[in-house]
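# Topology and contacts: notes
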Amino acid sequence: MKLTGTFLDEISHDIPHQNWGIKEWDTDFQHMKRMGIDTVILIRCGYKNWLTYPSEVLQQEEGAYEPPVDLVRLFLDLSEKHGMAFYFGLYDSGKYWWAQGDFQREVALNLRVIDEVWERYGSSPVFKGWYICQEVSRKTAGIIDLYRQLGLHCKKVSGGLPTLISPYIDGQKAIMASEAELTKTDAVSLQEHEAEWDEIFAGIREAVDIVAFQDGHVDYHQLADYFAVNKRLADRHGLRCWTNAESFDRDMPIKFLPIKWEKLRLKLEAARAAGLEKAITFEFSHFMSPQSAYPQAGHLYNRYQEYRNEH
Amino acid sequence: MKLTGTFLDEISHDIPHQNWGIKEWDTDFQHMKRMGIDTVILIRCGYKNWLTYPSEVLQQEEGAYEPPVDLVRLFLDLSEKHGMAFYFGLYDSGKYWWAQGDFQREVALNLRVIDEVWERYGSSPVFKGWYICQEVSRKTAGIIDLYRQLGLHCKKVSGGLPTLISPYIDGQKAIMASEAELTKTDAVSLQEHEAEWDEIFAGIREAVDIVAFQDGHVDYHQLADYFAVNKRLADRHGLRCWTNAESFDRDMPIKFLPIKWEKLRLKLEAARAAGLEKAITFEFSHFMSPQSAYPQAGHLYNRYQEYRNEH
Amino acid sequence: MKLTGTFLDEISHDIPHQNWGIKEWDTDFQHMKRMGIDTVILIRCGYKNWLTYPSEVLQQEEGAYEPPVDLVRLFLDLSEKHGMAFYFGLYDSGKYWWAQGDFQREVALNLRVIDEVWERYGSSPVFKGWYICQEVSRKTAGIIDLYRQLGLHCKKVSGGLPTLISPYIDGQKAIMASEAELTKTDAVSLQEHEAEWDEIFAGIREAVDIVAFQDGHVDYHQLADYFAVNKRLADRHGLRCWTNAESFDRDMPIKFLPIKWEKLRLKLEAARAAGLEKAITFEFSHFMSPQSAYPQAGHLYNRYQEYRNEH
């Protein structure tokens, strides 16, 4: 199972920024290319007040800050230069879609963001898809409606470009990065997971094309079962099933550094055994890049390349 | 708003040590110089049992350990070599000035440290000021008296050299580094902040010359209001008002790595808009230096230098 | 007091993996050699489901994963190439020897691991000892029996090769890495420590040859007392007394980065003053190696080498 896609973690939620300029990003796309990456996915175009592009909608409506550079333009240009497909991640308010939030406002803002973005960047030949960035693990109130409305609008304005979501499993490692603990005891059961996602998939079909579950929240010996359930549900409801192979380590007290190669290999092999279509990772630039601020990432890149050449 | 000063975080309270020798420190002062730094401020000369210089007072009174090198001498020499002003940070016992401590002992020890230090190092032409290192955010019991006694004594022995304090705002990010959380809910209000610091400034005038509030404990959209209050209060009581622009990121679970450039830029621009006199940072060597153990720091240096050249 | 031994932290419990290949390990042994290391100690051959060598016992009994490379073979080969003695660390289930576990299963598994390992690797001329990896600080139920059974069996199969344990002191810094705090208040007293370890040592004599207490869980000013007690107890019961000088810093919120050189020096000098026989460290490759992912480690190496050349 080869990694052929990566998220671009700009702007970051819980992973410290590398402060790269244009030159470093260009170099990073070269490194990705050499590792076989053909798809890059902007994790989100904005988070709270921080933006990747100078959105008028979000500056006016949310008081978001004007960014120093237009990263969406930069990533589109680099994708074109290096021959990659670009997926655009929507806006995450960090509040409206939470329990006490104004859920419909998250949708309304994003509908306008989708229009704005498509008008500005839709002519790029490498704009190939959308990423609906609100990540959930359970049938959170309103999430079906949000995925449905946003997915349909993305597809409508863009002539049917594919839409992607990347949920996580509410497993024993589903812990906030700002919590000290590494595991919890009230994890979901496989049966609950299957029942809830059966209902969610039923509600979002035709609005969401691809699901790529994050693979880091359950124990390694549980992966086969969860991958099988996820694939079966996706097939049943006509979604394509990718895996989001996390390249950082959830088992360590420093949250987060690159994963041990053996663990990533084990997850990729479990995904292959389950017949998943494509593997993307969160994410290359911090956790697998030879120029990452974490030198373990460059060694992980080397280990992965050895594996890739052998298989 | 240009950064023209930095703290020297020796000895460190909560940031891991880089284990530099004389050669690395010399190189670092060169890097600082190239970035426009003209002032270096020793964060503290001792903390608990750890010392930056072989203080007889603190070894006898507190059982402090004799340090492997005399960093005060080294930093004075490098300041002279590279044309910088050096501010000397006082001793922090880490206990006496806390709630249950023997507050007056903190003062008494430091009065003797001031005498000892001025006798040893006062002849250096680059010894240009004092930093009173007990950092508070509120009108903690005894703090006015401590600032007053120590500030007056510093000025008296040194012929009136300026004294600096760097308080923090008791904002939503005022969290201990050893706590897992990133924010709290019981933050101070702008009105409480103004009332308490009005009283503190009234009590320390003529003993403290410069105040440089840390800029990292409130949300970015609150900076304008807090900077305006701090400036107004400083003007009212005859203090000079600098900003201490933190170059590490308080929003991330790893405590602490270099800040995202966009955030630092935003804070510097808010300080300029408020008319603050000078910007110093905590601190260059871990978070902005090209030779930092955190490679993000070198990229931050590059982003800052681009900004500096443009403005 | 010179460092002449190091643990090899494969596989790691709480320190992120560096993803080194054969080339990096070879280079690391060269770095160790240049620093005077003559002994390497595999911290454990397996932890939970993760293995350093393809153990049939642990794959069958515990469902452990087959590792990508045989690290035991690699480390034996590199030890031979670079002239070092290799100590083999036993298996840590991470559960059976805890309070609610099936203590005797930990022993039974390890008895079979010892046989398997000796049969496979016992002919290596650099296989020089055993490390019993269950680390305790108190007279935990069953620990004497575990040390005794495992130590005797190690010695029996291998013609009496020495056995090593590395307990910790239940001091104020005895905190789990996954906890946010840095200190606790319910530390052991020196008297309790002495009484409990007197009893443990009495129970394990002739089964365990060497004890190397970890030196990082008490405050620096307590080291002299604890080292003296440990040495006296070891002498009384016929154990050799080494020190395990931790080269990472327990006083910082990032758990863990390389220690400040001054602290390591202080600990080594306290060990020398107490007359301890040999100093090993946990561990070279993350915290003292010039090629560590943490650049502070390379600077620590340089500081240590300067010290070593002076003494």
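Residues numbered from 1 in each chain as written. Chains lettered and ligands numbered in written order. Predicted model: local features only at pLDDT ≥ 70, side-chain atom pairs only at ≥ 80, totals over all residues. Heavy atoms only, no water.

### Let's talk about the side chain of aspartate 249 of chain B
Residue and element names in this part refer to chain B. Heads up, the condition is: Per the convention used, a helix needs a DSSP run of H or I reaching at least four residues, while a strand needs a run of E reaching at least two, with both numbered from the N terminus. Throughout this description, a polar contact denotes any pair of N or O atoms lying within 3.5 Å of each other; where both atoms belong to protein, one of them has to be capable of donating a hydrogen while the other can accept it, and for residues adjacent in sequence the pair is counted only when both atoms sit in side chains. A contact between two residues is defined here by any heavy atoms of the two lying within 4.5 Å.
Residue position: aspartate 249 is located in the loop between strand E10 (240-246) and helix H8 (261-273). Within the structure, the side chain of aspartate 249 is placed 3.1 Å from the side chain of lysine 263, a separation counted as a polar contact. Discounting chain neighbours no more than four positions away, the residues touching aspartate 249 are Phe256, Leu257, Pro258, Ile259, Lys260 and Lys263.

### Quick look at the pattern of salt bridges
Quick note on the threshold: Between Lys or Arg on one side and Asp or Glu on the other, a salt bridge is scored when a side-chain nitrogen of the former is within 4 Å of a carboxyl oxygen of the latter.
Evaluation of the coordinates by the stated rule reveals 79 salt bridges over all chains. Here aspartate 251 of chain A makes a salt bridge to lysine 173 of chain A, at a shortest N to O gap of 2.8 Å. On the criterion of sequence distance, the pair formed by aspartate 251 of chain A in the loop between strand E10 (240-246) and helix H8 (261-273) and lysine 173 of chain A in the loop between strand E8 (163-165) and helix H6 (190-204) is long-range, its members being 78 residues apart. Between glutamate 56 of chain B and arginine 120 of chain B there is a salt bridge, with the nearest N and O atoms lying 3.9 Å from each other. Note that glutamate 56 of chain B is positioned in helix H2 (residues 56-62) and arginine 120 of chain B in helix H4 (residues 103-121), a separation of 64 residues in sequence.

### Focus on the interface of chain B and chain C
Formally: Accessible area that two parts lose when put together, evaluated with a 1.4 Å probe and summed over both, is termed the buried area.
With 28 residues of chain B in contact, the opposing surface of chain C contributes 23 residues. When the two sides are added together, the surface that chain B and chain C hide from each other amounts to roughly 2,100 Å², 62% of it contributed by carbon and sulfur. Taken together, chain B and chain C are joined by 1 salt bridge. The shortest N-O distance in the salt bridge between glutamate 24 of chain B and arginine 303 of chain C comes to 3.8 Å. Where chain B touches chain C, the interface holds 4 residue pairs in polar contact (both at pLDDT 80 or more).

### Some words on the relation of the copies chain A and chain B
Let me state the cut-off plainly: All copies are superposed by least squares; the fitting set is the C-alpha atoms of residues with a pLDDT of at least 70 in both.
Relative to chain B, chain A is turned by 120° and slid 0.0 Å along the rotation axis, the superposed coordinates differing by an RMSD of 0.0 Å. Between the two chains, the operation in question is that of a three-fold axis. No C-alpha of chain A approaches the rotation axis more nearly than that of alanine 180 of chain A, which lies at 3.2 Å. The two copies present different faces, since only 7% of the interface residues in chain A are matched by interface residues at the equivalent positions in chain B.

### A few points about the relation of the copies chain B and chain C
Superposition of the two copies of the chain requires a rotation about an axis and a shift along the axis. Once turned by 120° and shifted 0.0 Å along the axis, chain B lies on chain C with an RMSD of 0.0 Å. An overlap of only 7% is found between the interface residues of chain B and their copies at the interface of chain C, pointing to separate contact surfaces.

### Brief notes about the interface of chain A and chain B
Selection criterion: Here the nonpolar group is Ala, Val, Leu, Ile, Met, Phe, Trp, Tyr, Cys and Pro; Asp, Glu, Lys and Arg are the charged ones; every other residue, Gly included, is treated as polar.
Across the boundary between the two partners, chain A contributes 28 residues, which contact 23 residues of chain B. Interface area, chain A with chain B, both sides summed: about 2,100 Å², of which 62% is carbon and sulfur. At the surface where chain A touches chain B, the tally comes to 1 salt bridge. Across the side of chain A that touches chain B, the residue classes tally to 15 nonpolar, 8 polar and 5 charged.

### Focus: helix H1 (residues 22-34) of chain C
Stated precisely, the cut-off is as follows: Helix span, expected: 1.5 Å multiplied by one less than the number of residues in the helix. Using a 1.4 Å probe on the protein chains alone, a residue whose accessible area is under 20% of its type maximum counts as buried, one over 50% counts as exposed, and one in between counts as partly exposed.
In this model H1 of chain C runs 19 Å from its N-terminal to its C-terminal C-alpha over 13 residues, within 8% of the 18 Å that 1.5 Å per residue would give. All of the buried residues in H1 of chain C are Glu24, Trp25, Asp26, Asp28, Phe29, His31 and Met32 of chain C. On the buried face of H1 of chain C, the contacting elements are helix H10 (295-310) of chain A together with strand E1 (3-8), strand E2 (39-42), helix H3 (71-82), helix H9 (284-287) and helix H10 (295-310) of chain C. Residue glycine 36 of chain C follows H1 of chain C closely and has a positive phi angle near 95°.

### Comments concerning the sheet that holds strand E4 (residues 50-51) of chain A
Residue and element names in this part refer to chain A. To keep things clear, this is the line we draw: Paired strands, in this sense, are two strands between which DSSP finds at least two bridges.
One open sheet holds the 3 strands; their spatial order is E4-E3-E6, and the pairing between them is mixed. Two strands lie at the open edges of the sheet, namely E4 and strand E6 (91-92), each paired on one side alone. Where strand E3 (residues 46-47) lies against E4, 2 bridges are found, and the strand directions are antiparallel. Directly across from glycine 46, in E4, lies its bridge partner leucine 51.

### A look at the sheet that holds strand E6 (residues 91-92) of chain B
Sheet strands line up and pair through hydrogen bonds in the backbone, either parallel or antiparallel. All names here are of chain B. Here 3 strands make up an open sheet; going across it, the order is E4-E3-E6 and the pairing mixed. Edge strands, defined here as strands with exactly one partner in the open sheet, are strand E4 (50-51) and E6. Across 2 bridges, the pairing between strand E3 (residues 46-47) and E6 is parallel. Each residue of the ladder has a partner; that of tyrosine 47, found in E6, is aspartate 92.

### So, the packing of aromatic side chains
Spelled out, the test is: Paired rings are identified among Phe, Tyr and Trp, the last through its six-membered ring, by centres lying within 6.5 Å, and are further divided according to the angle between planes into stacked (under 30 degrees), edge-to-face (over 60) and tilted (the rest). Each ring is checked for a lysine NZ or an arginine CZ that lies within 6 Å of its centre and within 35 degrees of its normal; such an atom marks a charge sitting over the ring.
One pass over the full model with this rule turns up 84 aromatic pairs over all chains. When the ring of phenylalanine 248 of chain A is compared with that of phenylalanine 282 of chain A, the centres are 6.0 Å apart and the planes differ by 80°; the resulting orientation is edge-to-face. Of the two residues, phenylalanine 248 of chain A sits in the loop between E10 and H8 while phenylalanine 282 of chain A sits in strand E11 (residues 279-282), which places them 34 residues apart along the sequence. Taken together, Phe7, Tyr131, Phe248, Phe256, Phe282, Phe287 and Tyr294 of chain A form an aromatic cluster joined through their ring pairs. Its end group placed over the ring of tyrosine 47 of chain C, arginine 44 of chain C keeps NZ or CZ at 5.4 Å from the ring centre. We note lysine 263 of chain C situated over the ring of tryptophan 50 of chain B; from NZ or CZ to the ring centre the distance is 5.7 Å.

### Overview of the packing of helix H5 (residues 143-157) of chain B against helix H6 (residues 190-204) of chain B
Residue and element names in this part refer to chain B. Note the following rule: Axis definition: a line fit to C-alpha positions, over the contact stretch in the case of helices; interaxial angles, taken between N-to-C directions, run 0 to 180 degrees. In this scheme, roughly parallel covers angles under 35 degrees and roughly antiparallel covers those over 145, while 65 to 115 is roughly perpendicular and the rest are oblique. The hand of a helix crossing depends on one turn: near helix anticlockwise from the far one by less than a right angle means left-handed, and clockwise means right-handed.
In the contact formed by H5 and H6, the axes pass within 9 Å of each other and the chain directions differ by 30°. With respect to H6, the axis of H5 lies roughly parallel. As for the relative orientation of H5 and H6, their crossing is right-handed in sense. Along its contact with H5, which presents Ile144, Tyr147 and Arg148, the element H6 presents Glu199, Ile200, Gly203 and Ile204.

### Re the confidence of the model for chain A
Selection rule: pLDDT measures how confident the predictor is about each residue, on a scale from 0 to 100.
Looking at chain A as a whole, its pLDDT mean stands at 96, while 100% of the residues score no less than 70. Across the predicted assembly, pTM comes out at 0.97 and ipTM at 0.97.

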